[in-house]
Amino acid sequence: MKTESEGRAGLLYGIGAYGMWGLVPLFWPLLKPAGAVEILAHRMVWSLVFVGLALLALRRWSWIPDLMRSPRKLALITVAAAVISVNWGLYIWSVNAGKVVEASLGYFINPLVTIALGVLVLKERLRPAQWAAVGVGFAAVLVLAIGYGQPPWISLTLAFSFAIYGLVKKKLNLGGLESLAAETAVLFLPALGYLIWLGAQGDLAFGSEGAGHAALLASTGIVTAVPLVCFGAAAIRVPLSTLGLLQYLAPTFQFLLGVLYFHEAMPPERWAGFSLVWLALTLLTWDALRTARRSRAAMAEAVADAVASVEAAASASASASAEAPASAEAPAAHPGR
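Residues numbered from 1 in each chain as written. Predicted model: local features only at pLDDT ≥ 70, side-chain atom pairs only at ≥ 80, totals over all residues. Heavy atoms only, no water.

Caption draft 1: Region of interest: a nonpolar patch on the surface. Together, Leu-23, Leu-26, Phe-253, Leu-256, Leu-260 and Tyr-261 line one region of the surface with nonpolar side chains, adding up to about 560 Å² of accessible area. When residues in the nonpolar patch are grouped by element, the largest group, four residues, is from helix 12 (residues 249–261). Tracing the chain through its elements places Leu-26 in the loop between helix 1 (2–23) and helix 2 (36–58). (Patch = residues over 30% accessible without salt bridge, like charges linked within 9 Å, V, L, I, M, F, W, Y side chains within 5 Å. Areas by Shrake-Rupley, 256 points an atom, 1.4 Å probe, with all protein chains shown as cover. Salt bridge = Lys/Arg side-chain N within 4 Å of Asp/Glu carboxyl O. Helix = DSSP H or I, 4+ residues; strand = E, 2+ residues; numbered from the N terminus.)

Caption draft 2: Quick look at the nonpolar core. Counting 26 residues, the largest nonpolar core has Val-51, Leu-55 and Trp-63 as its most contacted members. Elements that contribute at least two residues to this core include exactly helix 2, helix 3 (63–68), helix 4 (71–96), helix 7 (153–172) and helix 8 (176–201). Setting aside anything within four residues of it in sequence, one finds Leu-55 in contact with Arg-60, Trp-61, Trp-63, Leu-177 and Ala-181. Val-113, Ala-159, Met-266 and Leu-281 belong to the second largest nonpolar core, which has 23 residues in total. (Core = buried A, V, L, I, M, F, W, Y, C linked by side-chain atoms within 4.5 Å. Buried < 20%, exposed > 50% of the residue type's maximum accessible area, 1.4 Å probe, protein only. Contact = heavy atoms within 4.5 Å.)

Caption draft 3: Layout of the packing of helix 5 (residues 100–120) against helix 12. Relative orientation of the contacting elements helix 5 and helix 12 amounts to 165°, with a least axis distance of 8 Å. Here helix 5 is positioned roughly antiparallel relative to helix 12, judged by the angle of their axes. Handedness of the helix 5/helix 12 crossing: left-handed. From helix 5, Val-100, Val-101, Ala-103, Ser-104, Tyr-107 and Phe-108 reach across to helix 12, where they touch Pro-251, Thr-252, Gln-254, Phe-255, Gly-258 and Val-259. The residue makeup of the contact of helix 5 with helix 12, split by class, is eight nonpolar, four polar and no charged. (Axes fitted to C-alpha atoms, helices over the stretch in contact; angles between N-to-C directions. Parallel < 35°, antiparallel > 145°, perpendicular 65-115°, else oblique. Left-handed = near helix turned anticlockwise from the far one by under 90°. Nonpolar A, V, L, I, M, F, W, Y, C, P; charged D, E, K, R; others polar.)

Purely geometric numbers; function is a separate question.
See the structure below:
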C-alpha cells in the first residue's frame, strides 16, 4: 500500500513539475516591460535567495565543503551555469517575442539531441528504433528549415543547450536543489552586477512599475525552484520510463498555448515538421516501453532461477541432513563389527 501511495504521489509530483514548466509561457509576458536579460538576471538572483532559504530550512549544507574541494566539480558547475543561462535567457526572449511554438519544438527534439550526444560523447550504442527516431528527427529539422527559410535556430539552441546541461549534470551527480544553488551562486554576482548597472543607467524595470510588478520579478525564484523540487520528488518515486513519458507534457502544453492562446501561425510546412518530430518521439517511446518490458521480464526470470537454485540447494541440504543420522547409528546397531 505504501508503494502504491508513493507511486501515485510521484506521478502527481511529475505532472505538477512538467505542468508548471509547460504553463510558464503565461508568466513571462507579465514581466514586461523588463527585457529578457533583466528577467534572466532576476531569475538568477531570486532563485539563489529562495533555494538558499530552502537549504537553510532543510539543513542541507554538508555537500558544500566537498564541492569546494573539487576543482573538477566546480568547473562542471560553471559550465552548467553558463549553458542553462543561455537556455533560460533564450526561452524567455522567445516567449516574449511571440515564438512560443518554436520554443516548444526545442523541447520536443531535446530527447533526440540527448541521444545523439550520448552516441558522440559517451560512445553509447543505439538500438535500431533509436536510429530510426534520430533519422526522422533530422528529416523534421530539414523540413522546418525549408519552411522557415533558415534553420530553426531557436529550437536547435534550446535543444542542444538543455541536452548539454543534462550531460553535465549527469557527470556532476548532485541533487536538484543543491545543483540549482551552486549554479545560481556562480551566476549571482554577474546577474546582480548587471541589475545594478541597469539601475545606474535608469533602465531597471524593477521598482519602476509598481510593487506588484516588483513582486512578480522577485517570484521568478519561486517559479524556477518549485517545479525543480517537484521533479526531484517525482524522480525518487516513479520509474525512469514514467518520467520519460511525462517530459512530453511540458512542450505539449507550450505548443498548445502557442497555437490556441497566443494564436501563432502554423503553416502546412510547420505542421509537417512537427508531425515528423512527433513520429520520432513515438518511435522512442515505443522502444523505451518495449525495452523496459523486456528488462522486467528478464529480471523476473533471473529472480525465479535464483529462487529455484536456493530451493534446490536447501532441499539437497535437508536430504543430506536426514541421511546423516542413519549413517551414524549403523555401528551402534552392530557392536561386534
